[in-house]
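Chains, contacts and geometry: an overview
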Amino acid sequence: MIVCLRENLIIKSDYSSESTVCLLNQLPVDDVKAIHDALRLKAKQKKKFVLVDNILNYINSQPTLHPTINLDERHSIKFIYCIRTPTQNSIFRVDFILEYTISKVEGYHIPIFEVLEALNKKGETKYATMFDLSREIVKEFNSILESTNQNVMEDKPSHLKRFTAGHQYASTLWILCSHLGAKYPLEVEKWLVKLLSQKNFYQKKRGMWYSQLSLIYKAHLKEFNKAIETLSRAVKDNNISPVDLADVLYRARTYTTNRRCNNKDLLRELEIWEEQIPRPKSFPSVCITALGNDLAAENQRGHYKYMYSNGDLSYMNVEQIAIRHYIDEKGFTNGIHCEGALMQTIFYILFWDIIYTGGISYTFLCKMQYLPLDFYSEEFYANRKIVIDERLLDIKSNWSLDYLKSYIDKTWCFMSIYKSLFISAYIEDSETLYKIITCIGRKIVSDICRRLVGNFRDYRAGMPDLFVYSEDKCKFVEVKGPGDILSTKQKVWLNYLLSIGADAEVCYVKKVGGAKWRNNNIL
């Protein structure tokens, strides 16, 4: 993909000067072992540094692998590794590692892998290294922001901005900020303010930047009024996503009850915004009990015990216990622990031809792609608005049931032979999928697809854990065990499902007896 991006003048990269030792050190240990074995080398220890040293000692005596020659000529490592692991993913990973290990985009050095290496360190060395890398990144990021040519992608779609140096610096700096807030709150505050001050790069994280900055003010700098002011700015920022807005408002709800805030106007302003989000107690819920497993801590077979009607004993996790409850007590015949994968599969099938339609600039640049480059951006819907709106109406009512079934059967057979977004682990065949769609209801399926197609990146996570169904009814169920609470994305999805008429609820599982595990508070 990097080659295609370079050929289309999206990035400018030169990796010819990178050393073999650098490339080897960035590969996962299993990949280094594969190269080591392919060269028929032996080592008493299988530690990564030993294997790398063995490989380097060997290739120093082999002209075709000598580290001083150009990368284009050093193809033997890639060739050997691809022969040993001839799968598409492995080959792609090696191509990517060899060409992108030390990122040099548009002439800038972006220490992505140095950051990943620092994250694996322990103790004070970890934070000191991350802090030094952060200062280096901030310096280079400032030079980009001050440059008159910072918007190098102005003649190309915005979803390609992630291939620019500015985007890579912003994303890497955010990773470091999320780890350094407690150690260096003053510096992280300045860096987050810098990220929020620009509106060109990595904008999908603006909501998280606001949340992190407010946390820095509240927990580390003890400036509670500034924390409230940060959240107030966030709710007025039109560039943050609806999910991030909800997260900001849930955070604001905890702040407004704190007596340390003396800015009453800000508190009233946030309270008005809070009325837009539901409270967890407003969701339909059921509480069930399950017998705890005394041996759970030892054999990890499950935290709960379940006795079948024939006397057989089974060890289950919290989701399996919930499924048994809905089958035994509520009259459902089937249950799937899918966490949204089911609805995503339905979405992929119903929109398969639209997702993989060509003709849209800068969406498919490489044969190895299994999704368009704009898929995780809001541009996906904007670029295909007419056909998507028509398809949503087709799903809702325009298509006859016979045509809907034939379309699902045809797409299922066609897509199963390609590598794509398709997830088939939860559904056996197209007939089962069709029955599930009609059980849910075509209007509700259309409304769920509308949300996914509008912003798949934000809404792909948070859907309920379970889907339980029978011939004439179905239910979406979010399961929570002892000590577990609803996340913001789960609240957003539950609220949306209820608003479109879907049957959804929260199932709290209370543990009775057995080994101690967290606590048994369900709310």
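The rules behind these values
- Residues numbered from 1 in each chain as written.
- Predicted model: local features only at pLDDT ≥ 70, side-chain atom pairs only at ≥ 80, totals over all residues.
- Heavy atoms only, no water.
- Phe/Tyr/Trp six-rings, centres within 6.5 Å; stacked < 30°, edge-to-face > 60°.
- Helix = DSSP H or I, 4+ residues; strand = E, 2+ residues; numbered from the N terminus.
- Buried < 20%, exposed > 50% of the residue type's maximum accessible area, 1.4 Å probe, protein only.
- Lys NZ or Arg CZ within 6 Å of the ring centre and 35° of its normal.
- Disulfide = S-S within 2.5 Å.
- Core = buried A, V, L, I, M, F, W, Y, C linked by side-chain atoms within 4.5 Å.
- Contact = heavy atoms within 4.5 Å.
- pLDDT = per-residue confidence, 0-100.
- Salt bridge = Lys/Arg side-chain N within 4 Å of Asp/Glu carboxyl O.
- Expected span 1.5 Å × (residues − 1).

1. With respect to the packing of aromatic side chains
Centre distance and the angle of the planes are the two values used to describe a pair of aromatic rings. Scanning all chains against the criterion turns up 23 aromatic pairs. Centre to centre, the rings of F131 and W191 are 5.8 Å apart; their planes meet at 35°, and the pair counts as tilted. A residue pair is termed long-range when its members are at least 10 positions apart, and F131 in helix α8 (residues 124-146) and W191 in helix α10 (residues 185-197) qualify at 60 residues. Overall, the relative accessible area of 12% leaves F131 in the buried class. Members of the aromatic cluster, joined through ring pairs, are F347, Y348, F351, F375, Y376, F380 and F456. Lying over the aromatic face of Y459, R451 brings its terminal NZ or CZ to 4.2 Å of the ring centre.

2. Concerning the state of the cysteines
Tallying each qualifying case throughout the model produces zero disulfides. C507 supplies the cysteine sulfur nearest to C287, a cysteine that is in no disulfide, at a spacing of 7.9 Å. Overall, C287 belongs to the partly exposed group, its relative accessible area being 42%. The closest cysteine sulfur to the non-disulfide-bonded C474 is located on C439, 4.0 Å from its own sulfur.

3. A word on the nonpolar core
The tendency in soluble globular proteins is for nonpolar side chains to be buried as a group. Counting residues in hydrophobic clusters, the biggest one holds 61 residues, and the most contacted among them are I346, F347, L350, F351, I440 and I448. In contact with I346, other than residues within four places in its own chain, are L433, I436, I437, I440 and V445. Core analysis: the next-biggest nonpolar cluster, separate from the first, contains 43 residues, A118, W174, L180 and F201 among them.

4. Let's talk about the confidence of the model for the protein
When pLDDT is averaged along the protein, the result is 79; 74% of the residues meet or exceed 70. Here helix α6 (residues 88-100) stands out as the element of the protein with the lowest mean pLDDT, 34, in contrast to helix α23 (residues 442-454), whose mean of 96 is the highest. Predicted confidence for residues 296-301 stays below pLDDT 50, and this span has seven contacts to residues more than four positions away or in other chains. Contacts from residues 517-523, a stretch scored under 50 in pLDDT, to residues over four places away or in other chains number 19 contacts.

5. Some points on the pattern of salt bridges
Scanning the entire structure with this criterion turns up 16 salt bridges. Residues R206 and D237 are paired through a salt bridge, measuring 3.0 Å at the closest nitrogen-oxygen approach. With R206 in helix α11 (residues 206-220) and D237 in the loop between α12 (224-235) and α13 (242-256), the pair connects residues that are 31 residues apart, well separated along the chain. Each member of the pair, R206 together with D237, is buried. When the shortest N-O distance is used, the salt bridge between D389 and K385 registers 2.9 Å. Residue D389 and its partner K385 are located together in helix α20 (residues 385-398), separated by four residues, close to a single helical turn. Judged by relative accessible area, which is 21%, D389 ranks as partly exposed. One connected set of salt bridges, linked through shared partners, spans K405, D409 and E431.

6. Overview of α10
Taking 1.5 Å per residue as the helical rise, α10 with its 13 residues ought to reach 18 Å, and the 18 Å between its terminal C-alpha atoms agrees with that figure. The complete set of buried residues in α10 reads P185, V188, E189, W191, L192, L195 and L196.

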